[in-house]
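One-letter residues, chain by chain:
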Amino acid sequence: MTFPLRNDTFLRACLRQRTDYTPLWLMRQAGRYLPEYRATRARAGSFMGLATNPDFATEVTLQPLDRYALDAAILFSDILTVPDAMGLGLSFEAGEGPRFAHALRDEAAVAALQIPDMNKLRYVFDAVTSIRRALAGRVPLIGFSGSPWTLACYMVEGSGTDEYRHIKTMMYARPDLLHRVLDINAQAVATYLNAQIDAGAQAVMVFDSWGGVLAHDRFGPFSLDYTRRVVAALKREAEGRRVPCIVFTKGGGPWLEAIAGIGADVVGLDWTCSLADARRRTDDRVALQGNLDPAVLFSPPEAVAMQARAVLDDFGSAKRADGRLGGHVFNLGHGISQHTPPEHVQALVEAVHAHSRRSGA
């Protein structure tokens, strides 16, 4: 990419380098809460029509940046593109969410599973390149994937679930089958993220959205160990600079120290974790991302700003008494709701930037 990066605050915070303010981006920042997104999705005809068309994906990725002074863009895609490329038959039904036609429910299906041909995901990599070109150095671009465990949940269940009945049955009754699925997924995710880096992603994030549903003694062997494999296989430098890696486990607070030890630069936190406590527990060995409750954004702008300041104050000063820096990337504790008023997001962005400049990032 030929455009010099004009705002590298997000990348610097990820690497615990000094910044003038706390950078901000939002999980699911390109989404249904924005009327312009809904208009583009209507033109695309479907969610997959939107996600698989690099021009549409570029358009919606930039929409929140045209509204708000965000410090990073994130690729518009879906975490289920990888299992779709494995031939599991992904579809999105109105009001029902994602569904796979061929769930992994038996030994034969698991034995047949293979790392997908990355050419089947060319539309994702083309979108990354297109977005980088359209950004023209405005802010960095984040690529992403679901974690091996989170992808496996969808692949075995066949859809979203509240019970995790099929995958947990496999985990306890046939752990060998689940370990094969997770091994294939880890190889696929690492290859997929590296291809995004080659296409122009300047940071990557692993979403372990369902890691928190595991029992205390199952998170390590069935989720974290495979995320660790992904992180270890990632390219960590491109275009002459470090490519930060972010790992986010929703509900991961009980295992925070272990998550911080797998080699990622940044650990994402949900709203159940105190940032101050997380800094203490990790000894500022990693930067932290988070962790405003997305429901705060339903409140009036004054309340949104107050809660944003509380998150920043919880993290505290980046510089410790011993001179070590802690990095903070402001974000929500999970994805933004489709019911969020867009003007409340504006209040959030303004409050984060203003308060962190005053208090010192």
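Each value, and the rule that gives it
- Residues numbered from 1 in each chain as written.
- Predicted model: local features only at pLDDT ≥ 70, side-chain atom pairs only at ≥ 80, totals over all residues.
- Heavy atoms only, no water.
- Helix = DSSP H or I, 4+ residues; strand = E, 2+ residues; numbered from the N terminus.
- Buried < 20%, exposed > 50% of the residue type's maximum accessible area, 1.4 Å probe, protein only.
- Contact = heavy atoms within 4.5 Å.
- Pairing = 2+ DSSP bridges.
- Axes fitted to C-alpha atoms, helices over the stretch in contact; angles between N-to-C directions.

A. Summary view of the environment of K250. Note that K250 resides in the loop between β8 (245-249) and α12 (256-260). On the basis of relative accessible area, K250 is assigned to the partly exposed category, the value being 26%. Non-local contacts of K250, meaning those with residues more than four positions away in its chain, are made with D208, S209, G211, G212, D270, W271 and H334.

B. The arrangement of unusual backbone geometry in detail. For the peptide bond that leads from G290 to N291, omega is -5°, which places it in the cis range. By the secondary structure assignment, N291 is in strand β10 (residues 287-292). Of note in the backbone geometry, R28 takes a positive phi value of approximately 65° without being a glycine. Within the secondary structure, R28 sits in the loop between α1 (9-14) and α2 (35-44). Unlike most non-glycine residues, E239 shows phi in positive territory, near 55°. Here E239 lies in the loop between β6 (237-238) and β7 (241-242). On the accessibility criterion, E239 (47% relative accessible area) is partly exposed.

C. The environment of G333, seen in detail. Mapping G333 onto the fold places it in the loop between β11 (328-332) and α15 (342-359). Every residue in contact with G333, bar those within four places of it in the chain, is listed here: M27, F248, L269, D270, W271, N291, L292 and P294.

D. Examining the sheet that holds β11 more closely. Strands sit in the order β1-β4-β5-β8-β9-β10-β11 across an open sheet of 7 strands; the sheet is parallel. Because the sheet does not close on itself, it has two edges, and the strands there are β1 (73-74) and β11. Pairing between β8 and strand β9 (residues 266-268): 3 bridges, direction parallel. In the strand pairing of β9, F248 is matched with G268. Across the sheet, helix α13 (residues 275-282) is in contact with β10 and β11; its angle to β10 comes to roughly 160°.

All we've got here are geometric facts, nothing functional implied.
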